[in-house]
Amino acid sequence: MNTAYNHVSAPSFVYGTAWKKEATTGLVIQAVETGYRAIDTANQLIHYDEARVGEALLALANKGIARDQLFLQTKFTPVNGQDHRLPYDVNEPVGTQVRQSFESSLAHLHTDHLDSYVLHGPYYGRGLGPEDWEVWAAMEQLYESRRTRMIGISNVTAEQLALLCAKAKHKPMVVQNRCYAAFGWDRAVREICRAHRIIYQGFSLLTANREVFIEPDVRAMAAKYGMGLAQLVFRFAMQVGMIPLTGTTNRQHMEEDLASDQFTLSTHDLERIETIGLG
Ligand SMILES: NC(=O)c1ccc[n+]([C@@H]2O[C@H](COP(=O)([O-])OP(=O)(O)OC[C@H]3O[C@@H](n4cnc5c(N)ncnc54)[C@H](OP(=O)(O)O)[C@@H]3O)[C@@H](O)[C@H]2O)c1
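Residues numbered from 1 in each chain as written. Predicted model: local features only at pLDDT ≥ 70, side-chain atom pairs only at ≥ 80, totals over all residues. Heavy atoms only, no water.

(A) The environment of E134, seen in detail. The residue E134 is located in helix α4 (residues 130-144) in this model. By relative accessible area, E134 is classed as partly exposed at 36%. In this structure, the C-alpha to C-alpha distance between E134 and V94, residues 40 residues apart in sequence, is 6.6 Å. What E134 contacts, discounting residues up to four positions off in sequence, is P93, V94 and G95. (Helix = DSSP H or I, 4+ residues; strand = E, 2+ residues; numbered from the N terminus. Buried < 20%, exposed > 50% of the residue type's maximum accessible area, 1.4 Å probe, protein only. Contact = heavy atoms within 4.5 Å.)

(B) Molecular detail of the pairing of strand β5 (residues 151-154). Burial along β5 is two-sided: the residues I151 and I153 and G152 and S154 are all buried. With three bridges joining them, strand β4 (residues 116-119) and β5 adopt parallel strand pairing. Looking at the pairing, V118 lines up with G152 of β5. A crossover connection joins β4 to the parallel β5 through α4; in handedness this β-α-β unit is right-handed. As judged from the three bridges shared by β5 and strand β6 (residues 174-178), these two strands associate in the parallel manner. By the bridge assignment, I153 is partnered in β6 with V175. (Pairing = 2+ DSSP bridges. Right-handed = clockwise from strand over helix to strand, strands pointing away.)

(C) The arrangement of the sheet that holds strand β7 (residues 199-203) in detail. Within the closed barrel, the eight strands sit side by side as β1-β2-β3-β4-β5-β6-β7-β8. Their pairing is parallel. Within this sheet the neighbouring strands show an average axis-to-axis angle of 25°, counted without direction. Helix α3 (residues 94-109) contacts β3 (71-76) and β4 of the sheet and is inclined by roughly 145° relative to β3. (Axes fitted to C-alpha atoms, helices over the stretch in contact; angles between N-to-C directions.)

Spelled out as structure tokens, the structure:
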């Protein structure tokens with residue numbers, strides 16, 4: 001599902017910019033030139049370089065690919081996910097931290113609005129604490145003031161998502177989670193997303209599920225469709241309603257991953273992959 005309950009849509013594949021360091025600018029330019037239209041980053045220097053994404057956006061604008069042709073998503077990362085290079089004043093209340101981080105993201109990305117602004121993860125492993133509600137309220141204000149077209153949450157459990165959907169003024173429009181075949185590809189969270197018309201973005205589809213690729217029948221399935229194993233998994237993800245992320249650094253893989261929508265898995269094959277990790 002690429003359209004959220006508030007009728008905002010996202011492209012069906014997202015290019016992720018984590019761990020690219022100084023290669024970030026060149027890879028984002030290459031990804032967009034290959035055909036990706038959605039870019040994921042975070043205002044978190046441990047794993048991302050948002051300013052270098054911004055440099056790529058300036059270069060792309062000069063080449064005729066303007067901001068409004070792209071879907072930009074970044075994240076507010078709470079202090080427990082940051083090092084000393086904080087994009088906000090940690091002595092301020094967390095709502096202020098969100099607003100400071102957001103302004104800094106807009107400056108890095110050379111834009112006046114985002115398409116999606118995501119809470120990188122709740123403050124605690126279970127439940128939602130007062131900090132989470134304060135952060136969410138600040139994000140809701142950004143949404144209401146139209147500075148971001150959607151708000152979302154990442155690294156969220158089914159219990160936390162259900163709570164947020166039940167009590168928030170604005171439910172999330174986007175969820176971004178790591179997807180393990182061993183947990184039915186995050187089935188419990190995906191079911192909540194389907195019920196509430198929340199866009200589900202899946203990451204680590206390849207890296208978290210290496211055991212899937214050694215199954216002989218999965219390899220045979222890829223061969224049957226004339227596709228690679230990465231394409232098989234990305235196509236599976238799309239057909240069960242996810243938007244996949246790829247973080248590839250290889251031009252050929254960029255093209256292959258994007259071409260995952262060029263074939264259709266049968267219902268039988270979809271069911272095999274969906275249940276492969278469930279034992
Ligand atoms: N919210 C969060 O907490 C969070 C956490 C992690 C990631 N993310 C987001 O998700 C994005 C993607 O992360 P990820 O963990 O899914 O991916 P990733 O770690 O970037 O890894 C993708 C891996 O798959 C390989 N690959 C991709 N396409 C391939 C193909 N067609 N054939 C063979 N190998 C292929 C890549 O190798 P090559 O480079 O050689 O292609 C790379 O080793 C990140 O950049 C980030 O934006 C978010």
